Amino acid sequence: MTMSPEAETWAVVESELGFHQRPGHDWLDTLNRLWRKNRFVMSMDGMLKLDQEPPVLTREMLTVTRERWPLERLASLVHPDAHDRRRPKRDDLPVLVLEWQGRHYLIDGLNRINRRVRERLPGPHEVIVIHGRTP
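Predicted model only: the values in this text are computed from it and were never measured.

Q: Would you mind going over the sheet that holds strand β4 (residues 125–132) with me for this structure?
A: Across a sheet, strands are paired by hydrogen bonds formed along the backbone, either parallel or antiparallel in direction. The strand order across the open sheet built from four strands is β1-β4-β2-β3, with neighbouring strands paired in mixed fashion. Looking along the sheet, the strands with just one partner apiece sit at the ends: β1 (62–69) and β3 (103–108). Looking at each pair of strands side by side, their axes are set apart by 30° on average, direction ignored. Pairing of strand β2 (residues 95–100) with β3 involves five bridges; the strand directions are antiparallel. Residue pairing for β3: W100 is matched across the bridge by R103. Across the sheet, helix α1 (residues 5–18) lies against β1, β2, β3 and β4, angled at about 85° from β1, the strand it touches most. Its contacts with the sheet place helix α4 (residues 110–118) against β2, β3 and β4, and it is angled at close to 100° to β3.

Q: Would you explain the packing of aromatic side chains in this entry?
A: Working definition: an aromatic ring pair is given by the centre-to-centre distance plus the angle between the planes. Applying the stated criterion to the full structure yields three aromatic pairs. Ring centres of W10 and W27 lie 5.4 Å apart, and the angle between their planes is 50°; this geometry places the pair in the tilted category. In this pair, W10 is assigned in helix α1 and W27 in helix α2 (residues 27–37), connecting sequence segments 17 residues apart. With respect to burial, W10 and W27 carry one shared label: buried. Through a chain of ring-to-ring contacts, three or more aromatic side chains come together here, namely W35, W100 and Y105. The ring of W69 carries R73 above its face, with NZ or CZ at 3.7 Å from the centroid.

Rules used in this analysis
- Residues numbered from 1 in each chain as written.
- Predicted model: local features only at pLDDT ≥ 70, side-chain atom pairs only at ≥ 80, totals over all residues.
- Heavy atoms only, no water.
- Pairing = 2+ DSSP bridges.
- Helix = DSSP H or I, 4+ residues; strand = E, 2+ residues; numbered from the N terminus.
- Axes fitted to C-alpha atoms, helices over the stretch in contact; angles between N-to-C directions.
- Contact = heavy atoms within 4.5 Å.
- Phe/Tyr/Trp six-rings, centres within 6.5 Å; stacked < 30°, edge-to-face > 60°.
- Buried < 20%, exposed > 50% of the residue type's maximum accessible area, 1.4 Å probe, protein only.
- Lys NZ or Arg CZ within 6 Å of the ring centre and 35° of its normal.

Pasting the structure below:
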């Protein structure tokens, strides 16, 4: 039996987030943790940068789309405090982005974006956008 395109996209999201999972956590726990860790959400010293605490996302609040973004749009997701590893561990995966209340937050793919910026690869580049909605 073949999966629907949406189910295939969710499978990629779950697999990609699996690289960041902590013991006892699932992909959704990981998504919530990485969102809060984003430097546009929380500063390095733990100060919240949003008007209010981000909600805990549930699967029912989320949908996904596959998109193709130009380099400039991807580069705008990178916070100046973000690390810069020379080589991505996996360069063949789409960049994961969470969209919440009209704003986009990088979840996974920082090193892929940094490499593309260094090498001036205009794109478009594959992105999976996880769209969050209030319940």
